[in-house]
Amino acid sequence: MRTQVVIVGAGPSGLLLGALLGKAGIDNVILEARSAEYVLGRIRAGVLEQVTVDLLDEVGVGARMHAEGLPHDGIDLCFGGRRHRIDLHALTGKRVMVYGQTEVTHDLMDARKASGQTTVYEAEHVSIHDFDGQRPSVRYRHGGQTHTVEADFIAGCDGFHGVCRASVPHERIALHEKVYPFGWLGLLADVPPLSHELIYVNHDRGFALCSMRSRTRSRYYVQCSLADQVEQWSDQAFWDELRARLPEDAVAHLVTGPSLEKSIAPLRSFVCEPMRFGRLFLAGDAAHIVPPTGAKGLNLAATDVGYLAQGLVSHYKGNGSDLDHYSERCLRRIWRAERFSWWMTSLMHTFPTNGSFDRKVQLAELDYLVNSDAASKALAENYVGLPM
Ligand code: APR
Ligand code: PHB
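Residues numbered from 1 in each chain as written. Chains lettered and ligands numbered in written order. Predicted model: local features only at pLDDT ≥ 70, side-chain atom pairs only at ≥ 80, totals over all residues. Heavy atoms only, no water.

(A) How the structure looks around the overall build of the chain. Summing up its helical and strand segments, the chain has 14 helices and 20 strands in all. Its C-alpha atoms give the chain a radius of gyration of 21 Å, within 12% of the compact-globule value 21 Å for 388 residues. With the principal axes as the frame, the chain shows a C-alpha extent of 60 × 40 × 40 Å. Sequence separation of at least 24 residues holds for 71% of the intrachain contacts in the chain that already meet a minimum separation of 6. As presented, the chain carries roughly 16,700 Å² of accessible surface, and 50% of it is formed by carbon and sulfur atoms. Charge centroids of the chain, computed over 40 positive and 46 negative side chains, lie 1 Å from each other. (Helix = DSSP H or I, 4+ residues; strand = E, 2+ residues; numbered from the N terminus. Rg over C-alpha atoms; globule rule 2.2 N^0.38 Å. Contact = heavy atoms within 4.5 Å. Areas by Shrake-Rupley, 256 points an atom, 1.4 Å probe, with all protein chains shown as cover. Lys, Arg positive; Asp, Glu negative; His and termini not counted. Charge placed at Lys NZ, Arg CZ, Asp CG, Glu CD.)

Below is the structure:
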């Protein structure tokens, strides 16, 4: 098989890139290791910046998002038992769209199917070849046979554990990483959200987050120990812990119910530099990870592939300079989002090694943040997303 761009991975990065290229008439093939059902079964965050909404609109998959998504004008920060609203819209003129990553993936998958472009699910033993030369290719096994796709370029959209970044020789890549000493225990339930906006909670017992997927489906998180096993946490234990971290007025509105899903995720900051190696481009989680506190993961994935599609479109029009600047353009935006996600994580969680001094400084920063217009605005403009 021969194509212009072979995309490894059918998560949001790979699917959105395929859609952007398809719209520009650039032929592409997506190879995904898992089944479509497996990809859709992964529960991830769901706060979309305006730039992400715009990219989804650009490829014509925005209809359900606009009908079912929930535009939010603010968030609550909670500490010392009190809630403080950050009015994102008043501070920035922008809002965010709450619409689950699963739904975004679903919409992109449906559009891809309708477009007739090739997607191979359950592609086994994917390996990438000759990305430094003029004729890169990707090999994989499917239906008991080995196949080869020859292409002009390879897009590594295969997530943190993928094969593309792992295929780059160590000496050509710089990795920057920070692992946090806690995890998030998340619970999804068909209960109405406790509030119409998200609530981020700083509490002596640890961080908590009240989020949602719709007006009838809620997503809650509590900071937990990395040693915890999800089986140790009954639904009852989860709800009790969440209640203990919420202020009284919020607890009064908490509706509990059986979990649809419960899982523990570790928190990590990670960036690899550069993001281009010859004819191989990394995008999304393959190149960087942010802790979920700032809700930036999906948005960074979307803007990476936005830049990559722009670069490839210019290349095929005879201008290679956008493609040459791919890494640098992405990394500038990525590092700013890494900084924000690290800052918000540091601000909102309890750290096992922190003493009373660190705790007091954290509370003083929160106090400053909610009482200073300048500080609130700095939070708000990062939360709604810096320009692309
Ligand atoms: N061959 C083919 N596909 C692979 C391989 C491989 N060797 N390894 C991994 N994959 C697939 C995974 O199964 C997955 O479907 O690549 C896809 C990568 O998708 P994601 O992990 O969702 O990454 P990305 O598309 O970059 O999306 C980033 O996901 O983790 C969240 O917060 C993050 O919201 C952000 C988004
Ligand atoms: C989520 O709904 O899963 C979510 C929302 C906001 C975050 C992180 C996760 O900051």
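(B) Up close: the sheet that holds strand 8 (residues 119–120). Strand order in the open sheet formed by six strands is 8-2-1-12-19-18, and the pairing between neighbours is mixed. Of all the strands in the sheet, just strand 8 and strand 18 (276–277) have a single pairing partner and so form its edges. In this sheet, strand 12 (residues 153–156) lies alongside strand 1 (residues 5–8) in parallel orientation, the contact comprising four bridges. Directly across from V8, in strand 12, lies its bridge partner G156. (Pairing = 2+ DSSP bridges.)

(C) Fine view of the sheet that holds strand 14 (residues 198–201). Strand order in the open sheet made by the eight strands is 6-5-14-15-16-13-17-20, with mixed pairing throughout. With partners counted over all chains shown, the strands left at the sheet margins are strand 6 (82–87) and strand 20 (288–289), one partner each. Bridge analysis of strand 14 against strand 15 (residues 208–212) gives three bridges, and the strand direction is antiparallel. The partner of Y200 across the bridge, within strand 15, is L209.

(D) Region of interest: unusual backbone geometry. With an omega dihedral of -5°, the bond running from E273 to P274 counts as a cis peptide bond. Within the secondary structure layout, P274 lies in the loop between strand 17 (259–273) and strand 18. At E122, a residue that is not glycine, the phi angle is positive and equals roughly 55°. Among the secondary structure elements, E122 is positioned in the loop between strand 8 and strand 9 (124–129). The phi dihedral of H125 falls on the positive side, at around 50°, and the residue is not glycine. Structurally, H125 is set in strand 9.

(E) Highlighting the nonpolar core. Within the largest apolar cluster, 73 residues are counted, with the highest numbers of intra-cluster contacts made by L16, L17, L31, L48, L108 and L280. Looking at this core element by element, the count peaks at eight residues for helix 10 (residues 297–316). Every residue in contact with L48, bar those within four places of it in the chain, is listed here: V53, L56, M65, V96, M97, Y99, V104, L298 and N299. By size, the runner-up hydrophobic cluster in this structure holds 35 residues, among which are Y200, L267, M348 and V370. (Core = buried A, V, L, I, M, F, W, Y, C linked by side-chain atoms within 4.5 Å. Buried < 20%, exposed > 50% of the residue type's maximum accessible area, 1.4 Å probe, protein only.)

(F) Highlighting the site of ligand 1. Lining the immediate surroundings of ligand 1 are 24 residues, of which S13, E32, R42, Q101 and D285 lie closest. Here an oxygen atom of ligand 1 sits 2.6 Å away from a polar atom, N or O, in the side chain of E32. Side-chain polar atom of R42 to an oxygen atom of ligand 1: 2.7 Å apart, as the coordinates give it. When isolated, ligand 1 has an accessible area of 710 Å², and the protein chains bury 87% of it. Looking at the shell around ligand 1, the elements that each hand over two or more residues are helix 1 (12–23) and helix 10. In terms of residues, the shell around ligand 1 owes the most to one element, helix 10, which gives three residues. Broken down by class, the residue content of the shell around ligand 1 amounts to ten nonpolar, eight polar and six charged. (Near = heavy atom within 4 Å. Polar contact = N/O pair within 3.5 Å; in protein donor to acceptor, adjacent residues only side chain to side chain. Nonpolar A, V, L, I, M, F, W, Y, C, P; charged D, E, K, R; others polar.)

(G) How the structure looks around the packing of aromatic side chains. Counted according to the given criterion, the structure contains 13 aromatic pairs. Summarising the aromatic geometry, the rings of Y200 and Y383 are spaced 6.0 Å apart at their centres and angled 85° between planes, so their arrangement reads as edge-to-face. With a gap of 183 residues between them, Y200 in strand 14 and Y383 in helix 14 (residues 373–384) connect regions that are remote in the sequence. Here the two residues Y200 and Y383 agree in accessibility, since each one is buried. If you follow R34 out to its NZ or CZ, it ends over the ring of Y38, 4.1 Å from the centre. (Phe/Tyr/Trp six-rings, centres within 6.5 Å; stacked < 30°, edge-to-face > 60°. Lys NZ or Arg CZ within 6 Å of the ring centre and 35° of its normal.)

(H) Molecular detail of the pattern of salt bridges. This model, assessed by the stated rule, comprises 23 salt bridges. Between D152 and R2 there is a salt bridge, with the nearest N and O atoms lying 2.5 Å from each other. Highlighted residues: D152 in the loop between strand 11 (145–150) and strand 12 and R2 in the segment before strand 1, separated in sequence by 150 residues. Here E58 makes a salt bridge to K23, at a shortest N to O gap of 3.8 Å. (Salt bridge = Lys/Arg side-chain N within 4 Å of Asp/Glu carboxyl O.)

(I) Main features of the site of ligand 2. Around ligand 2 sit 13 residues, and of these Y200, S211, R213, Y221 and P292 come closest. Interatomic distance of 2.7 Å between a side-chain N/O atom of R213 and an oxygen atom of ligand 2. For ligand 2, the accessible surface in isolation is 280 Å², of which the surrounding protein chains cover 99%. Those elements giving two or more residues to the shell around ligand 2 turn out to be strand 14, strand 15 and strand 16 (218–224). When grouped by side-chain class, the residues that make up the shell around ligand 2 number nine nonpolar, two polar and two charged.

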